[in-house]
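Remarks on the overall topology
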Amino acid sequence: MTARRCFIAGNWKMNKTVTESLALARELRGLVSMVRHVDIAVAPTFPALHPVAKALEDSNVQVAAQTCHAEASGAFTGETAAPMLKDAGASWVILGHSERRQFFQETDAGVNRKIGAVLKAGLLPIVCVGETLAEREANRTLEVVSTQVKGCLDGFKADVGARFVIAYEPVWAIGTGKTATSRQAQEVHAHIRSLLTGLWGAEAAAQVRLQYGGSVKPDNAAELLAQPDIDGALVGGASLKASDFAAIIKAKAQA
Ligand code: PGA
């Protein structure tokens, strides 16, 4: 079996000025400098991305963007292209976050195009999927997640897909303080892994890192991260406090 390196990413969403982002990045850098066995990333707002990347240079904390446009440049007022993010210091781009789907009409087909742009720019995607509360209550979780995974990944081959990260984030658990139980999360993660096996074969599927997201906190991280198919976390609220985010990372590092 492939040993998957744990990957914990902090999604700062639309929070923190540039000054505040720099302070948070510097504090985090100090707190996690001794962590060796976990990959770490933070996703600041666009104005803060380059300064934060500079502040994290030569550290063990990478930088992610929260979205991007599917085109490399052009007349798309207000948008940011993947090559610009690469040049600004990003390594990853979060795509298809439920807030993008809910408030900005992002679709699986749109995410699919953006993955292409991200790869072309030399970046890697963190692709978010997850069901709403209504869908879970209607017993449609696995069906909804299957449609999202297949739609987002359509056309990408095993060799490149093996390097993707997929974040399972049940919409009802995001920012609500309601975490999926480790059993609920593991069930969906195992389902995603079996979908990937169908798409790309067992060897590639075993390399894809699957993050859980939705109210991950220092006190529930260890149990979630101990599940066999949970290879990391995408953390929103708790990533805005360096000590909480570091505690989540250390929950794994010390496990
Ligand atoms: P949360 O957000 O940790 O605040 O629930 C998770 C996310 O949206 O990525």
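The structure we're discussing is the one just above.
For the structure given in this document, a descriptive report is provided here. No experiment lies behind these values; they were computed from the predicted model shown. (Residues numbered from 1 in each chain as written. Predicted model: local features only at pLDDT ≥ 70, side-chain atom pairs only at ≥ 80, totals over all residues. Heavy atoms only, no water.)

**Quick notes on the layout of surface pockets**
Estimates place the volume of the largest pocket at around 440 Å³. Around the largest pocket, the lining comprises 18 residues; the ones closest to its centre are Met14, Gln66, Thr67, Arg100 and Phe104. When contributions to the lining of the largest pocket are tallied by element, the ones reaching two or more residues are helix H2 (46-55) and helix H4 (98-103). Split into classes, the residues belonging to the lining of the largest pocket amount to seven nonpolar, seven polar and four charged. (1 Å grid on protein atoms, 1.4 Å probe; cavity = no way out; pocket = protein on both sides within 12 Å on 5 of 7 lines; lining within 4 Å. Points joined across faces, edges and corners; volume = space filled by probe spheres on them. Helix = DSSP H or I, 4+ residues; strand = E, 2+ residues; numbered from the N terminus. Nonpolar A, V, L, I, M, F, W, Y, C, P; charged D, E, K, R; others polar.)

**Concerning the packing of aromatic side chains**
Scanning the model with the defined rule gives four aromatic pairs in all. Geometrically, the ring pair formed by phenylalanine 156 and phenylalanine 164 is edge-to-face, given 5.8 Å between the ring centres and 70° between the ring planes. A relative accessible area of 18% places phenylalanine 156 in the buried class. An aromatic cluster of three or more residues is present, and its members are Phe156, Phe164 and Trp200. (Phe/Tyr/Trp six-rings, centres within 6.5 Å; stacked < 30°, edge-to-face > 60°. Buried < 20%, exposed > 50% of the residue type's maximum accessible area, 1.4 Å probe, protein only.)

**Comments concerning the sheet that holds strand E7 (residues 209-213)**
Spatial strand order, E1-E2-E3-E4-E5-E6-E7-E8: eight strands in a closed barrel with parallel pairing. Strand after strand, the sheet turns through a mean of 25° between neighbouring axes, direction not considered. As judged from the three bridges shared by E7 and strand E8 (residues 232-235), these two strands associate in the parallel manner. Along E8, the bridge assignment pairs glycine 213 with leucine 234. The sheet contacts of helix H5 (residues 108-120) involve strand E4 (92-95) and strand E5 (124-129), and relative to E5 the element is tilted by about 160°. (Pairing = 2+ DSSP bridges. Axes fitted to C-alpha atoms, helices over the stretch in contact; angles between N-to-C directions. Contact = heavy atoms within 4.5 Å.)

**Description of the site of the ligand**
The full set close to the ligand counts 13 residues, and Lys13, His97, Glu169, Gly175 and Ser215 are the nearest of them. Note that an oxygen atom of the ligand is positioned 2.7 Å from one of the side-chain N or O atoms of lysine 13. In this structure, an oxygen atom belonging to the ligand sits 2.7 Å away from a main-chain N or O atom of serine 215. Burial of the ligand by the surrounding chains reaches 97%, relative to a free accessible area of 280 Å². For the shell around the ligand, the residue count by class is four nonpolar, seven polar and two charged. (Near = heavy atom within 4 Å. Polar contact = N/O pair within 3.5 Å; in protein donor to acceptor, adjacent residues only side chain to side chain. Areas by Shrake-Rupley, 256 points an atom, 1.4 Å probe, with all protein chains shown as cover.)

**Some points on the state of the cysteines**
All chains considered together, the criterion is met by zero disulfides. Unpaired in this structure, cysteine 128 has its nearest cysteine sulfur neighbour in cysteine 152, at a distance of 9.1 Å. With a relative accessible area of 2%, cysteine 128 lands in the buried category. (Disulfide = S-S within 2.5 Å.)

**Re helix H11 (residues 218-225)**
If you check which residues of H11 are buried, you get Asn220, Ala221, Leu224 and Leu225. All buried residues of H11 lie within an arc of 125° about the axis, which places them on one face of the element. Exposed residues lying more than 90 degrees from the buried face of H11 are Asp219 and Glu223. (Arc of directions from axis to C-beta.)

**As for the nonpolar core**
Ile8, Ile115, Ile192, Leu196 and Tyr212 are the most contacted members of the largest nonpolar core, which totals 70 residues. In contact with isoleucine 192, not counting residues within four places along its chain, are Val129, Val145, Val149, Ile166, Tyr168 and Leu210. Judged by nonpolar contacts, the second largest core, of 13 residues, contains Phe7, Ala41, Trp92 and Leu124. (Core = buried A, V, L, I, M, F, W, Y, C linked by side-chain atoms within 4.5 Å.)

**Brief notes about the pattern of salt bridges**
Tallied over the full model, the rule gives 12 salt bridges. As a salt-bridge pair, aspartate 39 and arginine 209 come within 2.8 Å of each other at their nearest N and O atoms. With aspartate 39 in strand E2 (residues 38-43) and arginine 209 in strand E7, this pair connects stretches of sequence that are 170 residues apart. Between lysine 114 and glutamate 106 there is a salt bridge whose closest N-O contact spans 2.6 Å. Judged by its relative accessible area of 10%, glutamate 106 falls in the buried class. (Salt bridge = Lys/Arg side-chain N within 4 Å of Asp/Glu carboxyl O.)

**Quick look at the pairing of E5**
Taken across its six residues, E5 has six buried, putting it largely inside the fold. Residues Leu124, Ile126 and Cys128 point to one face of E5 and Pro125, Val127 and Val129 to the other, with burial holding for every one of them. Judged from the four bridges that link them, E4 and E5 form a sheet pairing that is parallel. Bridging from a neighbouring strand, leucine 95 pairs with valine 127 of E5. With four bridges joining them, E5 and strand E6 (residues 165-168) adopt parallel strand pairing. Bridge pairing links isoleucine 126 to valine 165 in E6.

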